[in-house]
Every structure is written in structure tokens, then in C-alpha cells.
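Structural overview
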Amino acid sequence: MNTLVSSEQAKILVVDDHRFSRMAAVDLLSLDGYEVLEADDSRDVVKVVIEQQPDLILLDIVMPHNDGFEVCQRLKNDERTRSIPIIFITASDDRNWKIRGREVGGDDFLPKPLDRVELLTKVKLLIQQKRLNEGLDQTERLLYSIASAIEDRSEGGKSFARLEGLAQAFGEYLELTSTEISDLIFAARLHDVGTVCIPDAVLLKKGELTEEERELIKKHVLIGEKICQPMQNRRGVLPIIRHHHERWNGSGYPDGLSGDEIPWMAQIFQILDIYVALTSERPYKLALTPAQAVKTIAEEMEKGWRNPELVEQFTAFIQVTEMRA
Ligand SMILES: [Fe+2]
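Parameters at a glance
Residues numbered from 1 in each chain as written. Predicted model: local features only at pLDDT ≥ 70, side-chain atom pairs only at ≥ 80, totals over all residues. Helix = DSSP H or I, 4+ residues; strand = E, 2+ residues; numbered from the N terminus. Rg over C-alpha atoms; globule rule 2.2 N^0.38 Å. Buried ≥ 20, exposed ≤ 12 C-beta atoms within 10 Å, placed from the backbone. Arc of directions from axis to C-beta. Contact = placed C-beta atoms within 7 Å. Pairing = 2+ DSSP bridges. Right-handed = clockwise from strand over helix to strand, strands pointing away.

Within the chain, the secondary structure is distributed over 14 helices and five strands. Whereas a compact globule of 325 residues would reach a radius of gyration of roughly 20 Å, the chain reaches 25 Å, over 25% beyond that. Across its three principal directions, the C-alpha atoms of the chain cover 75 × 45 × 35 Å. Relative to its 325 residues, the chain shows a buried fraction of 31%.

This part takes up helix H3 (residues 68-76). What H3 keeps buried is the set Gly68, Val71, Cys72 and Leu75. Burial along H3 is one-sided: seen end-on, the buried residues are contained in an arc of 100°. Looking at the buried side of H3, the elements it contacts are helix H2 (45-52), strand S3 (56-60) and strand S4 (86-90).

With respect to burial, S4 is a largely interior element, four of its five residues being buried. Alignment of S3 against S4, held across four bridges, turns out to be parallel. Bridge pairing in S4 places Asp60 opposite Ile89. Between the parallel pair S3 and S4, the chain is carried across by H3, and the sense of this crossover is right-handed. Of the strand pairs in this sheet, S4 and strand S5 (residues 108-111) are connected by four bridges, and their pairing is parallel.

Now for unusual backbone geometry. With an omega dihedral of -5°, the bond running from Lys112 to Pro113 counts as a cis peptide bond. On the secondary structure map, Pro113 appears in the loop between S5 and helix H5 (116-155). Between Tyr253 and Pro254 the backbone carries a cis peptide bond, its omega angle lying at 10°. Tracing the chain through its elements places Pro254 in the loop between helix H11 (237-243) and helix H12 (264-278). Residues other than glycine seldom take positive phi values, yet Gln53 does so here, at roughly 45°. One can find Gln53 in the loop between H2 and S3. The exposure class assigned to Gln53 is partly exposed, which follows from the 13 C-beta atoms found within 10 Å. A positive phi angle is found at His65, which is not glycine, with a value near 70°. In this fold, His65 is placed in the loop between S3 and H3.

Interpretation note: all reported values are geometric properties and have no functional meaning in isolation.
Dropping the structure here:
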């Protein structure tokens with residue numbers, strides 16, 4: 001028995017300008033216990049979806065005004081509706097349509113006339129996936145909130161938004177995959193979540209740290225890795241959290257990795273984190289300019305701490321973005 005979704009709790013929107021074909025889908029889904037909404041005018045769909053938040057949409061392709069592809073694209077580009085699965089329904093089996101459907105973010109296809117078993121199987125599967133993703137999203141949001149509260153304690157609010165924005169831009173500059181970029185953005189918020197276990201007396205200490213206190217602070221990367229370990233869909237973030245304090249010459253922590261032993265994503269993240277820290281104002285320091293920050297990073301490279309090739313790429317990136325004008 002499936003405990004993730006029951007048809008009684010799920011709401012499906014059927015969009016089709018042909019009454020008979022729309023009614024066929026409505027009847028099949030209603031008989032299986034789904035709550036079914038209908039739309040026959042493609043111009044109303046986005047508004048209805050935003051208001052009603054269905055769990056899935058069955059979307060005809062050939063319709064007056066806006067075709068199904070246009071509607072799908074608008075829904076998938078909107079943060080409020082992007083996670084709702086869309087199944088295209090069409091009487092055509094044109095391969096190009098299937099390609100186009102995937103390009104605009106459609107999740108699946110069903111041929112008309114609808115086959116009951118195929119329809120109900122696909123609907124059930126996609127709604128299950130949506131519920132699962134929503135559960136993961138909620139977990140991520142919870143972790144984000146905890147991480148924000150922790151950062152507020154230590155630095156008066158870290159520049160998360162700036163770090164996330166730079167991670168996106170530098171990731172694209174390096175032509176990373178969307179998953180790699182998303183891992184960098186996720187790490188922006190969570191890389192120091194492990195400081196939750198460091199007492200205020202150590203974390204906020206004004207004077208010089210003792211050797212013992214320094215060792216305690218170093219543990220934040222291992223604690224952070226452990227906290228984020230259960231996030232099965234974010235495995236790529238764990239090496240970033242663990243290794244964001246390694247140094248190119250092996251003098252960093254926690255594992256003293258050197259050169260290419262340091263995971264590439266951790267190297268990229270580290271340089272972004274340092275740059276944002278240098279160019280942010282803190283109660284105890286002024287913000288450096290982009291040029292000054294890049295110079296400091298170059299000096300750290302001279303000491304052997306950073307990957308020279310990456311520093312070169314990052315400098316070029318900052319020159320064309322933050323140092324323009
Ligand atoms: Fe850290």
C-alpha cells in the first residue's frame with residue numbers, strides 16, 4: 001500500500017478546450033477519487049494554477065490563444081508553480097513535440113484517447129514525486145533557518161544573498177552543471193552550520209585564541225558534515241562543507257589535503273567565501289574593495305594556500321563583473 005499519496009487528497013487540473021476529451025479525463029480521475037478542476041481557456045490557466053495550487057496538471061497542447069507549450073513554460077518559470085508536474089495530452093505522436101515538451105519543462109506525455117491504466121499510473125507516480133520533493137524542500141528550508149540563526153549569532157548576519165549570487169554567477173562563468181551550481185548555493189547557507197556546537201565564549205572571543213580553542217573551532221567542518229549527512233539529495237554539498245578550510249599546500253584542515261586532492265567544488269566555494277568575507281563590513285573591520293580583496297587572495301596564493309589556476313580564473317571573473325565601470 002502506498003502511504004505517500006492517496007488520490008482523495010490530491011487535486012488535478014485538466015486543461016483542454018475540447019469538451020469531450022476534457023470530460024473523458026475528468027471522469028477517469030474522478031472515479032479514482034481525485035478532486036478534479038477543469039479549464040477550457042488557455043489564457044486562464046496560470047491564474048487558476050496560482051490560486052488553486054493543484055498537485056498535477058493534464059495539459060492539452062493544441063489550444064486557441066496560447067498552446068500547451070507556452071502555458072507549460074510560463075508555469076515552470078514561475079517560482080509559485082514550478083514544482084507542479086505537467087503531463088501533456090495529445091492526439092499526435094510527433095517526436096518533435098515530445099522534444100519541445102521536455103524543453104519547456106513538461107514531465108510526461110499521454111496519448112489521446114486516454115488509457116485509464118496508463119493515465120492513473122503516471123498521475124500517481126508524479127504526485128508521489130512531488131510530495132517527496134516538497135518534504136525535502138521543507139527539510140532544506142528548516143536547515144536554512146537554523147543556519148541563518150547560527151550565523152546571526154557569530155557575525156551579525158553573514159552576506160548569504162551575496163555569496164549565493166556570486167556562487168551562481170561564478171558557477172556559470174566556469175560552465176559548471178546546474179547541480180554543481182545548486183550545491184554551491186546550498187553550501188553558501190550551510191557551510192558553517194557546524195559552529196552551532198562551538199560555545200559563544202570561543203566563537204565570539206575578542207582576543208587571541210588558545211591552541212585548544214583553535215582546535216575546537218576547526219571541528220565545525222566535521223560537525224557541519226554530520227548535520228547535513230541525512231540530506232540524500234544533496235550529497236555534493238558534503239565535500240564542500242568538510243573541505244572548505246583546506247589549503248592548496250596541505251596546511252589546512254580537517255584532512256590536510258593538498259592540490260587536486262581537495263574536491264574541486266570545495267576549492268571554488270572557498271575562494272567565493274573568502275572574497276565575500278573580505279569585501280563585507282564587520283563590527284571589527286571595514287570592507288575591502290574588490291581590487292583589494294583580489295590582491296589579498298593573490299597574496300594567499302603566493303603563500304601556497306590557493307590553487308593558482310583557480311585564482312587566475314576568479315580574478316578574471318571579478319574583473320568582468322565587480323570591477324567593471
Ligand atoms: Fe568555515
